[in-house]
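Okay, here's what each chain looks like letter by letter:
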Amino acid sequence: MNDTTQRVLSLLNLLQSRPVWTGAELAERLGVTTRSIRRDVERLRELGYPVRAEHGTGGGYQLGAGKALPPLLLDDEEAVAVAVSLRLAAGGTVTGLGEAAVRSLAKLDQVLPARLRSEVKGVIDATVSLDGPVTPVDADILVALARAIRTPERATFDYTKPGGERSERRVEPYRLVAAARRWYLMAWDLDREDWRTFRLDRMVAARGTGWRFKPRDAPDAVEYVQSSITQAPYQFVAKVRIHAPAHQVAERVPPTMAVVEPDGEASILTAGADNLDYVAYHVVRLGWPVTVIEPPELREAMRELAERLTAAGA
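The residue numbering used here restarts from 1 in each chain and proceeds along that chain's sequence as written. In view of the model being predicted, local features appear only for residues whose pLDDT reaches at least 70, and side-chain atom pairs are presented and counted only at 80 or more, with totals across whole chains, interfaces and linings using the full set of residues. Only hydrogens and water are removed before side-chain values are computed, so all heavy atoms of the structure are retained for them.

Visitor: Before we move on, can you summarise the environment of Ala218 with the specific residues and values?
Guide: Its place among the elements puts Ala218 in the loop between strand E7 (203-212) and helix H8 (221-230). In the structure, Ala218 is positioned 44 residues away from Tyr174 in sequence and 8.0 Å away in space, judged by C-alpha atoms. When near neighbours in sequence (up to four residues on either side) are disregarded, Ala218 contacts Tyr174, Met186 and Trp195. For helices the rule is a DSSP run of H or I covering at least 4 residues; for strands it is a run of E covering at least 2, with both sets numbered from the N terminus onward. By the convention used here, residues are in contact when the closest approach between their heavy atoms is within 4.5 Å.

Visitor: Mind laying out the sheet that holds strand E11 (residues 290-294), listing which residues take part and the relevant values?
Guide: Picture the strands of a sheet paired through backbone hydrogen bonds; they go either parallel or antiparallel. Two strands pair if DSSP finds at least two bridges between them. One open sheet holds the 4 strands; their spatial order is E9-E10-E8-E11, and the pairing between them is antiparallel. Of all the strands in the sheet, the pair left with one neighbour each is strand E9 (259-263) and E11. Shown here is a sheet whose adjacent strand axes are inclined to one another by a mean of 25°, direction ignored. In this sheet, strand E10 (residues 266-273) lies alongside strand E8 (residues 236-242) in antiparallel orientation, the contact comprising 7 bridges. The residue of E10 that forms the bridge with Ile242 is Ser267. Of the strands in this sheet, E8, E10 and E11 are in contact with helix H10 (residues 276-284), which crosses E8 at around 20°. In this fold helix H11 (residues 296-313) packs onto E8 and E11, with an angle of close to 145° to the strand it touches most, E11. To define axes, lines are fitted to C-alpha atoms, for helices over the stretch in contact only, and angles between the resulting N-to-C directions are given on a 0 to 180 degree scale.

Visitor: Summarise the nonpolar core; cite the residues concerned and give the values.
Guide: One finds Val240, Ile242, Val249, Leu269, Val279 and Leu298 to be the most contacted residues of the largest nonpolar core, which totals 21 residues. Listed by contribution, the elements that provide at least two residues to this core are E8, E10, H10 and H11. Sequence-distant contacts of Val279, defined by excluding residues within four places in its chain, comprise Ala238, Ala273 and Leu298. Only buried residues count toward a nonpolar core. Its members are Ala, Val, Leu, Ile, Met, Phe, Trp, Tyr and Cys residues joined through side-chain atoms within 4.5 Å. Burial classes follow relative accessibility: with a 1.4 Å probe on protein chains only, a residue under 20% of its type's maximum area counts as buried, one over 50% as exposed, and anything between as partly exposed. By size, the runner-up hydrophobic cluster in this structure holds 19 residues, among which are Ala106, Ala146, Phe198 and Met203.

Structure, rendered in structure tokens:
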């Protein structure tokens, strides 16, 4: 049975390595008869691999695309190449692939031998990207949290706040969110008994505890993280009505800076700030008419900005 299994896996590896093989070529490579090849092809089909057989000149066995994606068989070099690509994509060097790359990397990392993990780490350590500023995140932290979310199981990590205070956090992890080349975790903080957002670049020693949990009713992860990073950390929360459609405003305002919501033919922009002069400047430079909703201090900041601009243009 072990010999048969090994031969079927070897056959699958050959079929994945090039488009078409004749029965005689496969039999020669595997040291069996063409009849054995036909039986092994049937075994692969039973496992969900769509192996096609075409007769005549130019025909042979071919691994086709099926309705579902069957498991892939990778050799060492291919596994390292895939893992490296996923880690680079998870780091933000491939637009739009971050979250999918993390999920795939978590699955691959679970079965990747230790000797190949060291090879992957060596390639990553030797790789430098010029794809703009990226906040570095340890891929092992991404994998550990993604795995804990998928299980689901509680996780722990050491976390450093912006002021430098460091503490151990115990959480029920729910979702990883990538925003503006940073990774965030939305989780239920077990000690504070509330939802929290954590930046992964401020974490060390993230790991699953093995303790399962029953998922709670959770807020929308994207909306929660966006609100947390654009409003919660700041002294003021500014809200203004911009007389332009929301989709046009959103094209000019990064989601990590403000929340833009439709308001009829206009839009409402909500942003946090410790300095309202900063909000006044960026709202004015958008170029559309603006009405301040709150706070009253923002109206004063807008008036002062208008006076400075008028004086500068005199």
